[in-house]
Amino acid sequence: MDFKEYQGKQVLAERFENVALGLVTSDPNAVVSYGCEIGFPIVIKAQVLIGGRGKAGGVKLAFNKDEAIQISKNILGMDIKGHKVEELLVSKAVDIKDEWYMSITFDRSNRAMTLIFSIEGGVDIEQVAHESPEKVIKMPINPLKDIEILKLEKELLGSGLKSKYVDEVVKIIDSSYRLVVDKDLTLLEVNPLVLTEEDEIIILDCKMTVDDTAEFRQSNLFNLDPKKEESREQLAKSQGFSYVHLDGDIGIVGNGAGLVMATMDAVKNAGGDPANFLDIGGGAKAEVVRNALKLVEGNPKVKSIFINVFGGITRGDEVARGIADVVNEAPPRVPIVIRLTGTRSEEGLEILKNETDLSVTDVMDEAAESAVRLGGQ
Amino acid sequence: MSIWLKRNTKVIVQGMTGREGTFHTKNMISYGTKVVAGVTPGKENTTHLDLPVFGNCSDAVQETGSKSSVIFVPARFCLAAVKDAVDAGVKFLVVISEGIPLHDEIKIGALVRKNNVTMVGPNCPGIFSVGEASMGIMPESIFKKGNIGLVSRSGTLTYELVDLISRAGLGISTAVGIGGDRVIGARFIETLKAFDEDEETSAIAMVGEIGGSDEEEAAEIIPSLKRLSKKIVGFIGGRTAPPGKAMGHAGAIVEGNKGTPQSKVEALENAGILVPEKLSEIPGILKGFID
């Protein structure tokens, strides 16, 4: 799950004193009174889960009351790459001497969390890495040890960070890594980490992602956003399967991510367009299958449904039970093609034959073709 | 013959007393796998499926002499289970559990690498040596004995392909489901090398998917394989998946320009490997290798 800037900062503030927390509001008048309280100029920032806010006009400086109210009204309701702005973060403008970049994120090729730091912050880090790689530190972190401080100090100095700031930056990085591990974060990015004219180091912006699989031990983080709306994807997750919405019209239900992806590919090869990715997961029970089918059928664009199950840890009879229940409760709105094989598939086929009129095939490509053909009628 | 898991491999099952553990241990035993003990903390000194249950792996290893373990415990206990196994001296691990937090997976990966443990998984269907033994959840009914090695990032896609291969009159030596998570133990590289050293494996099918760079890295070492560099057929699942969306497997996500199906297909083709668009074309290609 991704956090908005202010939510990430709230998490950081548990460990750091130098976070520009500010005020979160949806009320332009509150922006003005907060500005009067802390003193102008102030920075007003759109709070959305997408990068590139500045370029889109979602981050502005206000020097007085009139500007504050006008800018707040402009930004609220703004659409930034499909994300509607509903909240603003207001904080005191700081005099910036230098902008640095710091992130800790998972690097697949090293199979480890990796620190990235650069004295060229506030900009696109990939561009810096491309143009002046010597200014970007990339340091994989051994998960069985702490960050190696001596090595980090050397790297920071080598990248051009002035020695008088090294101690504090090391402290920030070390605490950040501990936070990343303690809170199950898959990404923490501070860009910029700012050096002010008063020589203070401040966390001015942050991006934070928490690992969805760690929800069981990070419930505080997952409850941070009370307004979190439940999307189709999240509804699916709460019902025990994984769902991704796509643009086509052939509904897909399968077990195992790889098989579902291959099912999508097969539908595409047969000339159709998948309406979704839906993996009922391993060991799915009849109830899960039932909910999955309903979710897919509930998508008005869907013209036919292809159920592709290869029994392993998932048992064919359980899947068949779920399908038979849904079909017998209410006749399906669209044609359903079933392909069932593997563990207990014979029992499953028996259930489908005895209790439904649905047709079953055991060859994937054929099933994909009939799903596409039936969807086109 | 086979890789890693043999007829005489003594197997410990961590989490044997749970629902999934019980179901699949029964299947493993009925296939002939030498399951020697279960491990469930708190259930030491009991028996389950007529086998002794220990509270930790050290005791199980000491009593049975086994160096191989398959893990069925819930995701949240997985890191502890792997630590337990590694500390006990287990050298071959199969981790079936899915939904393990990233930071636990990173630690698990580092632990097994540091201790030279071969780990299959996590979040995988396990390993199946046809006619010999099974560690995991693959359904035996689809397998026929033969000389094709199969390695796959996806569980059900493994079954799919095994089924196609069996129907085509071919058979499998060992099938390895390496798992689709962000951090896995044995990758394509290690598995391909193991097949290359198994004299009775004479062709390999490798099933990759979008995300990560394991296929690209494998493509780099394939030309250096001693026997089978020209006897490999590849497949990439998820060619139609949109970028930026995790397709169920934590690892199956196209991030920026990394992990795209195009780069994988291209890397494999450059290494001289055929990568058909349809899974159903694979048995025909394998037949060509064997004849």
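Residues numbered from 1 in each chain as written. Chains lettered and ligands numbered in written order. Predicted model: local features only at pLDDT ≥ 70, side-chain atom pairs only at ≥ 80, totals over all residues.

### Observations concerning the overall build of chain B
- The secondary structure content of chain B amounts to nine helices and 13 strands.
- Counting only residues that meet the buried cut, chain B has 60% of its 291 residues in that class.
- In chain B, the proportion of contacts linking residues at least 24 apart, taken out of those at least 6 apart, comes to 72%. (Helix = DSSP H or I, 4+ residues; strand = E, 2+ residues; numbered from the N terminus. Buried ≥ 20, exposed ≤ 12 C-beta atoms within 10 Å, placed from the backbone. Contact = placed C-beta atoms within 7 Å.)

### Points about the overall build of chain A
- Assigned secondary structure in chain A consists of 13 helices and 19 strands.
- Here chain A has a C-alpha radius of gyration of 26 Å; the compact-globule value for 377 residues is 21 Å, and the former is much larger.
- Seen through its C-alpha atoms, chain A measures out along the principal axes to roughly 80 × 50 × 35 Å.
- In chain A, buried positions account for 43% of the 377 residues.
- Considering only intrachain contacts with a sequence separation of at least 6, the fraction spanning at least 24 residues in chain A is 67%. (Rg over C-alpha atoms; globule rule 2.2 N^0.38 Å.)

### Focus: the nonpolar core
- By size, the foremost hydrophobic cluster in this structure holds 183 residues, and its most contacted members are Ile71(B) and Leu93(B).
- No other element matches the eight residues that helix H9 (residues 257–269) of chain A contributes to this core.
- Apart from residues lying up to four places away in sequence, Leu93(B) is in contact with Ser69(B), Ile71(B), Val82(B), Ala85(B), Val112(B), Val117(B) and Met119(B).
- If you look at the next biggest cluster of nonpolar residues, it comprises 16 residues, including Tyr34(A), Ala46(A), Ile75(A) and Val85(A). (Core = buried A, V, L, I, M, F, W, Y, C linked by C-beta atoms within 7 Å.)

### Some points on the domain arrangement of chain B
All names here are of chain B.
- According to the domain assignment, chain B consists of domain 1 (10–120) and domain 2 (139–290).
- Computed from C-alpha coordinates alone, the two centres of domain 1 and domain 2 are separated by 26 Å.
- Taken together, the nine residues of domain 1 in the interface contact eight residues of domain 2.
- For the side of domain 1 that touches domain 2, the secondary structure elements donating two or more residues are helix H4 (102–114) and strand E7 (118–120).
- Sorting elements by how many residues they give to the side of domain 1 that touches domain 2 places H4 first, with five residues. (Domains from an automatic or database assignment.)

### As for unusual backbone geometry
- Here the residue pair Asn191(A) and Pro192(A) is connected by a cis peptide bond, since its omega of 10° sits within 30 degrees of zero.
- Within the secondary structure layout, Pro192(A) lies in strand E11 (residues 185–196).
- Look at the link from Gly121(B) to Pro122(B): it is a cis peptide, with omega at 5°.
- By secondary structure assignment, the location of Pro122(B) is in the loop between E7 and strand E8 (126–129).
- Positioned with a positive phi, Lys81(A) is a non-glycine residue whose angle comes to about 45°.
- You can see Lys81(A) is positioned in the loop between strand E5 (79–80) and strand E6 (83–84).
- One non-glycine residue, Asp184(A), lies in positive phi territory at about 55°.
- Counting through the fold element by element, Asp184(A) comes out in the loop between helix H6 (163–182) and E11.
- Given 21 C-beta atoms within 10 Å, Asp184(A) falls into the buried group.

### Things to note about the interface of chain A and chain B
- With 45 residues of chain A at the interface, the matching set in chain B holds 49 residues.
- Counting residues per element, the ones that place at least two in the side of chain A that touches chain B are strand E9 (112–118), strand E14 (242–245), H9, strand E16 (276–279), strand E17 (304–311), strand E18 (336–342) and helix H13 (364–375) of chain A.
- Per element, the largest residue contribution to the side of chain A that touches chain B is ten residues, and it comes from H9(A).
- When grouped by side-chain class, the residues that make up the side of chain A that touches chain B number 21 nonpolar, 16 polar and eight charged. (Nonpolar A, V, L, I, M, F, W, Y, C, P; charged D, E, K, R; others polar.)

### A few points about the pairing of strand E1 (residues 10–14) of chain B
All names here are of chain B.
- Of all five residues in E1, four are buried; the element is thus mostly enclosed.
- The handedness of the E1 to strand E2 (residues 34–39) crossover, carried by helix H1 (residues 19–30), is right-handed.
- Note: E1 against strand E5 (residues 68–71), four bridges, orientation parallel. The residue of E5 that forms the bridge with Val13 is Val70. (Right-handed = clockwise from strand over helix to strand, strands pointing away. Pairing = 2+ DSSP bridges.)

### A few points about helix H12 (residues 345–355) of chain A
Residue and element names in this part refer to chain A.
- Taken residue by residue, H12 has Ser345, Gly348, Ile351 and Leu352 as its buried positions. Mapping the buried residues of H12 onto a view down its axis gives an arc of 115°, with all of them on the same face.
- Among the structural elements, E17, helix H11 (316–329), E18 and strand E19 (360–361) are those in contact with the buried residues of H12. (Arc of directions from axis to C-beta.)

### Considerations on the packing of helix H7 (residues 214–221) of chain B against helix H8 (residues 261–270) of chain B
Residue and element names in this part refer to chain B.
- The contact between H7 and H8 brings their axes to 8 Å, and the two run at 10°. With respect to their mutual orientation, H7 and H8 come out roughly parallel. On the side of H7, the interface is formed by Glu215, Glu216 and Ala219, while H8 contributes Ser263, Lys264, Ala267, Leu268 and Asn270. (Axes fitted to C-alpha atoms, helices over the stretch in contact; angles between N-to-C directions. Parallel < 35°, antiparallel > 145°, perpendicular 65-115°, else oblique.)

### Things to note about the sheet that holds strand E2 (residues 23–25) of chain A
Residue and element names in this part refer to chain A.
- Pairing is antiparallel across the open sheet formed by four strands, whose spatial order is E2-E7-E3-E4. Each having just a single partner strand, E2 and strand E4 (59–62) make up the two edges of the open sheet. Each neighbouring strand pair of the sheet contributes to a mean axis angle of 25°, computed without reference to strand direction.
- Where strand E3 (residues 42–46) lies against strand E7 (residues 88–92), five bridges are found, and the strand directions are antiparallel. Bridge pairing links Ala46 to Leu88 in E7.

### Digging into helix H2 (residues 57–64) of chain B
Residues and elements named next belong to chain B.
- Residues of H2 that are buried include every one of Cys57, Ala60 and Val61, and no others. With its buried residues spanning 95° around the axis, H2 presents them on a single face.
- The elements touched by buried residues of H2 are E1, E2, strand E4 (51–54), E5 and helix H3 (78–87).
- At the exit of H2 stands Gly65, carrying a positive phi of roughly 75°.

### Quick word on the sheet that holds strand E6 (residues 92–95) of chain B
Residues and elements named next belong to chain B.
- The strand order across the open sheet built from seven strands is E3-E4-E2-E1-E5-E6-E7, with neighbouring strands paired in mixed fashion. Of all strands in the sheet, those with a lone pairing partner are strand E3 (46–48) and E7, marking the two edges. This sheet shows a mean twist of 30° between the axes of neighbouring strands, independent of strand direction.
- The pairing of E3 with E4 spans three bridges and is antiparallel.

### Here's the deal with the environment of Leu157(A)
- Inspection of the secondary structure assignment puts Leu157(A) in helix H5 (residues 149–158).
- Once residues lying within four places of it in the same chain are set aside, the contact partners of Leu157(A) are Ser163(A) and Val166(A).

### What to know about the pairing of strand E9 (residues 133–136) of chain B
Residues and elements named next belong to chain B.
- The pairing of E8 with E9 spans four bridges and is classified as antiparallel. Bridge assignment links Gly126 to a residue of E9, and that residue is Gly136.
- The loop that links E8 with its antiparallel partner E9 comprises three residues; one of these, Gly131, has a positive phi angle of about 80°.

### A few points about the packing of H9(A) against helix H5 (residues 155–167) of chain B
- As a packed pair, H9(A) and H5(B) sit with axes 5 Å apart at the nearest point and diverge in direction by 65°. On H5(B), the residues that touch Gly258(A), Leu259(A) and Ala262(A) of H9(A) are Gly155(B), Thr156(B), Leu157(B) and Glu160(B).

### Concerning the domain arrangement of chain A
- Looking at the assigned domains, one finds that chain A contains domain 1 (1–20 + 95–228), domain 2 (21–93) and domain 3 (232–375).
- A separation of 42 Å is found between the C-alpha centroids of domain 1 of chain A and domain 3 of chain A.

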